[in-house]
Amino acid sequence: MAVNDTQPLISHLIELRKRLMYSLVSVLVVFLALVYFSNDIYQLVSAPLLDKLPQGSNMSATDVASTFLTPIKLTIMVSVFASVPVILYQVWAFIAPALYKHERRLMLPLLVSSTVLFYLGMAFAYFVVFPLAFGFFVNTTPEGVNFIPDISKYLSFVMTLFMAFGAAFEVPIAIILLCWSGVTTPDALKKKRPYILVGAFVVGMVLTPPDVFSQTLLAIPMYLLFEIGVMVSRFYVGKGRRTEEEEAEEAETEAEQQK
């Protein structure tokens with residue numbers, strides 16, 4: 001490999017390292033700002049379950065260090081979630097120079113909307129799914145059994161649901177990208193609606209705990225978001241690909257503007 005060929009690769013690696021460092025620093029800054037409130041954050045996340053427990057009941061901690069480590073783990077995860085806009089901006093700053101002007105115009109709204117949809121998915125899980133699921137679990141507890149959830153296992157449970165619903169709400173973005181890149185078309189997706197509906201319930205079974213409420217509450221929004229993605233993708237069809245002549249002209253125009 002010639003020396004001149006390695007220069008772009010080295011510059012890309014340096015740029016990638018810089019963007020990764022900015023992302024890690026943003027997570028660290030948010031964590032340092034929130035770590036003092038770790039117990040309060042855990043109290044907030046556990047509120048949907050505590051509200052459904054019988055009066056006088058509490059959660060439990062079976063491991064010696066779990067009362068300290070579990071809120072810290074939650075704070076780290078919250079720091080990552082809170083830093084998503086910064087992380088996505090670093091991704092955008094890394095890939096934007098390689099995109100044409102029309103591609104940047106189309107990609108930026110997708111990055112912004114993907115962030116909003118991820119947060120909406122988490123909010124839907126917290127305000128809608130958690131109260132219904134935990135109420136179901138408490139009310140179906142067999143007689144003679146004390147329902148005393150462990151705080152570390154509860155954290156794993158809710159983080160699974162947060163990630164599942166956050167990812168599920170990205171369905172419109174995935175649909176738009178598939179149609180934009182020419183992999184499929186809105187009309188082709190419409191013909192596959194019955195399979196998509198079944199697939200949504202299958203995904204709900206895989207991503208959520210084994211209860212019918214969580215599965216249904218994930219599958220139905222996924223299907224509705226699929227319909228939204230099909231509708232919006234019509235605005236992107238045919239705009240993702242350009243002829244070589246059009247790309248060459250746009251590249252020349254951008255080069256002249258930079259001069």
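For clarity, every value in this text was computed on a predicted model and none was experimentally measured.

A look at the overall build of the protein chain
Of the regular secondary structure elements, the protein chain holds eleven helices and zero strands. Taken from N to C terminus, the helices and strands of the protein chain fall in the order α-α-α-α-α-α-α-α-α-α-α. Residue burial in the protein chain is summarised as follows: out of 259 residues, 37% are buried. For the protein chain, the proportion of contacts with a sequence separation of at least 24, taken over those separated by at least 6, is 83%. Accessible area of the protein chain: about 15700 Å², with a carbon and sulfur share of 68%.

Observations concerning the pattern of salt bridges
Opposite charge on two side chains permits pairing when their charged atoms draw close. Per the counting criterion, the structure on display carries three salt bridges. For E15, the salt bridge goes to K18, with nearest N and O atoms at 3.4 Å. Note that E15 and K18 are positioned in helix α1 (residues 3-34) at a spacing of three residues, about one turn of the helix. Given a relative accessible area of 33%, K18 falls into the partly exposed group. Residues joined in a network through salt bridges with shared partners are E15, K18 and R19.

Focus on the packing of helix α6 (residues 151-168) against helix α10 (residues 212-233)
Between two packed helices, both the angle of their axes relative to each other and the distance between the axes serve to describe the pair. Their axes nearest at 10 Å, the elements α6 and α10 cross at an angle of 20°. Looking at the two axes, α6 sits roughly parallel to α10. Once α6 is placed against α10, the crossing between them reads as right-handed. Together, A164, F165 and A168 of α6 and S214, L217, L218, M222 and L225 of α10 make up the contact between the two elements. Along the lines of polarity and charge, the residues of the contact of α6 with α10 split into seven nonpolar, one polar and no charged.

Re the side chain of S26
By the element assignment, S26 lies in helix α1. The class for S26 is buried, based on a relative accessible area of 12%. For S26, the residues in contact, after removing those within four places along its chain, are S83 and V86.

Concerning the UniProt feature "transmembrane region" (unreviewed entry) in the protein chain
With numbering aligned to this structure, UniProt lists the feature "transmembrane region" (unreviewed entry) at residues 20-38, 74-95, 116-137, 157-183, 195-212 and 218-237. Across residues 74-95 one finds 95% helix and 0% strand; the C-alpha atoms that close the span lie 31 Å apart. With 85% helix and 0% strand, residues 157-183 has its two end C-alpha atoms placed 35 Å apart.

About the thresholds
- Residues numbered from 1 in each chain as written.
- Predicted model: local features only at pLDDT ≥ 70, side-chain atom pairs only at ≥ 80, totals over all residues.
- Heavy atoms only, no water.
- Helix = DSSP H or I, 4+ residues; strand = E, 2+ residues; numbered from the N terminus.
- Buried < 20%, exposed > 50% of the residue type's maximum accessible area, 1.4 Å probe, protein only.
- Contact = heavy atoms within 4.5 Å.
- Areas by Shrake-Rupley, 256 points an atom, 1.4 Å probe, with all protein chains shown as cover.
- Salt bridge = Lys/Arg side-chain N within 4 Å of Asp/Glu carboxyl O.
- Axes fitted to C-alpha atoms, helices over the stretch in contact; angles between N-to-C directions.
- Parallel < 35°, antiparallel > 145°, perpendicular 65-115°, else oblique.
- Left-handed = near helix turned anticlockwise from the far one by under 90°.
- Nonpolar A, V, L, I, M, F, W, Y, C, P; charged D, E, K, R; others polar.
- UniProt positions renumbered as here; feature names shortened; annotations may be inferred.

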